[in-house]
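A closer look at the structure
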Amino acid sequence: MMQDDNFENYLEKMLSNSISSLNPSNEAKNKARKLSPTYFADLKEKLLIEYDGKRLKDVMDCKTSTNSCGEYLKITTKEKISFNIKDNDFKNQINNNLKLLPKIGLKTEEKLKSNGYTTIESLKRHDKYSDVASKFINSLEDMSYLELINLLDSNRYSSKCRDNILKSISLKEPENFKFMDIETKGLSNVPIILIGVAEIKGSKIISSQYFLRNYTEEANIIEAYLEHLDEDSVHVTFNGKTFDVPFIKNRCRYNRIEANMDLPHLDLMYFAKNLWGEKLPNCQLQTIEKELFQLERKGDVPGQYIPGYYDTYIEKKNIGPVVPIIEHNCQDIISLASFLDKMYREVN
């Protein structure tokens, strides 16, 4: 039990972390300051002064290209990365998961395995399950990766078997993963102002960002992003199933762009909650960066201020307000690759 003096010290420390306490700590003051509209208004003014007269190509690796929709700006960043998805004999692991068959739950699986039916393949000799096991084994051979992860995700025991989806990435080549994030002018029916996609190339991760220099270029940057996708691609996002991918689909319709966005999708937010939810204060992307990767961002601009910063860029023709937005987006997509690598190692 905590002694009275220790408890008072502990209570004083906890209260000092609140800006509303009588004696808030410097950390609490700095945190409150950085959450205030005044802080971000001041930051914007400083950025306008710092980047006055500069162009994006003066501070970033930029290139102007054209596609069928028109001209667009591409920003490229290359970094070294340790991304090693070792073979885990996943198809054999699937064979050991009897719960993938209809009407087999935890207790039934345990009973079957105790009777020597340790794999789905072995159930082909079982009086009751032979037909369904045979059909499953045959369909598994022809199953696409999208069909496979949909099967794993739709299984009634998916909450207990969610790690299997992460384990399944061993079936894909690293370059197939498209680590993606978008920045927008709002939450719905507004333009995308930045699309970032990162790809693994050997020992490097290469991020390609497509920035909306003016509102006429939205179709151009969407088309540029879509050129990264093919039938083997896998979306990797953080809350992208709910936001990013549906948002891009909507803007494709608005811009009359035909696109196949119905690709395998690994939304790492759900896996993060499953793996790390109990040991983290929350499962926000930047919290994971700080707590698990010791990465703390400086000068980051929260999402609610991005539309206003972009408006200032358009109005003033000054790149200052959009520089931290581009840097934020780049860090997001690179972090996703690190998250996926760590998740894969943990579940294996």
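For every chain, the first residue of its written sequence is number 1, and the numbers climb from 1 along that sequence. The model is predicted, so local features are restricted to residues of pLDDT at least 70 and side-chain atom pairs to those at 80 or more, both for listing and for counting; the totals for chains, interfaces and linings are taken over all residues. Excluded from the side-chain calculation are hydrogens and water; included are all heavy atoms of the structure.

Time to look at the overall build of the protein chain. Each helix is a run of H or I in the DSSP string that is no shorter than four residues. Each strand is a run of E no shorter than two, and both are numbered from the N terminus. Counting its secondary structure elements, the protein chain contains 16 helices and seven strands. Whether two residues are in contact is decided by their heavy atoms, any of which lying within 4.5 Å being enough. Partitioning the intrachain contacts of the protein chain with sequence separation of at least 6 by distance along the chain shows that 67% fall at a separation of at least 24. Exposure was quantified through the Shrake-Rupley algorithm and a 1.4 Å probe, taking into account, for residues, occlusion by the shown protein chains and nothing else. For the protein chain, the exposed area adds up to about 19,300 Å²; of that, 46% sits on carbon and sulfur atoms.

With that out of the way, let us pick up the nonpolar core. Within this scheme, the nonpolar core is defined by two criteria: the residues are buried Ala, Val, Leu, Ile, Met, Phe, Trp, Tyr or Cys, and they are joined through side-chain atoms within 4.5 Å. Three labels apply to residues, based on accessible area from a 1.4 Å probe with only protein chains included: buried if under 20% of the type maximum, exposed if over 50%, partly exposed otherwise in between. Counting residues in each nonpolar core, the largest one holds 52 residues, and the members touching the most others are Leu123, Phe177, Phe179, Phe238, Leu266, Leu268 and Leu340. Those residues within four positions of Phe238 in sequence are excluded, and the remaining contacts are Asp244, Asp267, Leu268, Met269, Ala272, Cys283, Gln284, Leu285, Ile288, Leu336 and Phe339.

This paragraph deals with helix H14 (residues 285-293). An α-helix turns once per 3.6 residues; consequently, residues spaced three or four apart project the same way. For H14, every residue scored as buried is listed here: Leu285, Thr287, Ile288 and Glu289. Where H14 is buried, its residues meet helix H13 (268-276) and helix H16 (323-347). Immediately downstream of H14, the backbone of Gln294 shows phi near 50°, a positive value.

Here a pair means two rings of Phe, Tyr or Trp (six-membered ring of Trp) with centres within 6.5 Å. Their orientation is stacked below 30 degrees between planes, edge-to-face above 60, and tilted elsewhere. Enumeration over the complete set of coordinates arrives at 14 aromatic pairs. Note on Tyr39 and Phe40: the rings are 5.0 Å apart at their centroids and 90° apart in plane angle, and the pair reads as edge-to-face. Judged by its relative accessible area of 19%, Tyr39 falls in the buried class. Residue Phe40 is classed as buried on the basis of its relative accessible area of 4%. Ring centres 6.4 Å apart and planes at 85° place the aromatic pair Trp276 and Phe339 in the edge-to-face group. Here the residue Trp276 occupies a position in helix H13, and Phe339 occupies one in helix H16, the gap between them amounting to 63 residues. Relative accessible area serves as the criterion here: at 0%, Trp276 is assigned to the buried category. Ring pairing ties together the aromatic residues Phe211, Tyr215, Tyr310 and Tyr313, which thus form one cluster.

Relative to the elements of secondary structure, Glu223 occurs in helix H11 (residues 218-226). Neither His nor the chain termini are counted; the positive set is Lys and Arg, and the negative set is Asp and Glu. The salt bridge definition used is simple: a Lys or Arg side-chain nitrogen within 4 Å of an Asp or Glu carboxyl oxygen. Put simply, Glu223 is tucked away with no salt bridge, and the nearest opposite charge, on Arg256, sits 13 Å away. Setting aside residues up to four positions removed in sequence, Glu223 forms contacts with Asn67, Ser68, Cys69 and Ile257.

This part is about the packing of H13 against H16. Where H13 contacts H16, the axes come no closer than 11 Å and their chain directions differ by 45°. It follows from the interaxial angle that H13 and H16 lie oblique. Read as a crossing pair, H13 and H16 show a hand that is left-handed. Facing H13, whose interface residues are Leu268, Phe271, Ala272, Leu275 and Trp276, H16 presents Leu336, Phe339, Leu340, Lys342, Met343, Glu346 and Val347. Tallied by class, residues from the contact of H13 with H16 come to 10 nonpolar, no polar and two charged. Fitted lines through C-alpha atoms give the axes, limited to the stretch in contact for helices. The angle between two N-to-C directions lies from 0 to 180 degrees. An angle below 35 degrees is treated as roughly parallel, one above 145 as roughly antiparallel, one from 65 to 115 as roughly perpendicular, and anything else as oblique. Crossing handedness follows the turn of the near helix against the far one: under a right angle anticlockwise gives a left-handed crossing, and clockwise gives a right-handed one. Residues are grouped as follows: Ala, Val, Leu, Ile, Met, Phe, Trp, Tyr, Cys and Pro are nonpolar; Asp, Glu, Lys and Arg are charged; every other residue, Gly included, is polar.

Here Leu148 lies in helix H8 (residues 145-154). Taking the C-alpha atoms as reference points, Leu148 and Pro264, 116 residues apart in sequence, are found 9.3 Å from one another. If near-sequence neighbours (up to four positions away) are discounted, Leu148 is found in contact with Phe90, Ile94, Leu140, Met143 and Leu171.

Mapped onto the fold, Ser170 is located in the loop between helix H10 (163-167) and strand E3 (177-184). Beyond its immediate stretch of four places on either side in the chain, Ser170 contacts Ile85, Lys86, Asn88, Phe90 and Tyr344.

Quick look at the pairing of strand E1 (residues 62-67) now. Where E1 meets strand E2 (residues 70-80), six bridges bridge the pair, whose relative direction is antiparallel. Bridging from a neighbouring strand, Thr64 pairs with Leu73 of E2. In this analysis, strands are considered paired if DSSP registers two or more bridges between them. Where E1 folds back on E2, the antiparallel hairpin that results is connected by two residues.

Here the focus is the packing of H14 against H16. Two numbers describe how H14 lies on H16: the axes approach to 11 Å, and their chain directions differ by 55°. By the angle class used here, H14 and H16 are oblique. Once H14 is placed against H16, the crossing between them reads as left-handed. In contact with Leu285, Gln286, Ile288, Glu289, Leu292 and Phe293 of H14, H16 contributes His328, Gln331, Asp332, Ser335, Leu336, Ser338, Phe339 and Lys342. When the residues that make up the contact of H14 with H16 are grouped by side-chain class, the tally is six nonpolar, five polar and three charged.

Remember that side chains alternate between the two faces of the sheet whenever the strand is regular. Where burial is concerned, most of strand E4 (residues 192-201) is hidden: nine out of the 10 residues are buried. With eight bridges joining them, E4 and strand E5 (residues 204-211) adopt antiparallel strand pairing. Paired with Glu199 across the strands is Ile206, a residue of E5. Counted between consecutive antiparallel strands, the loop separating E4 from E5 contains two residues, among which Gly202 sits at a positive phi close to 65°.

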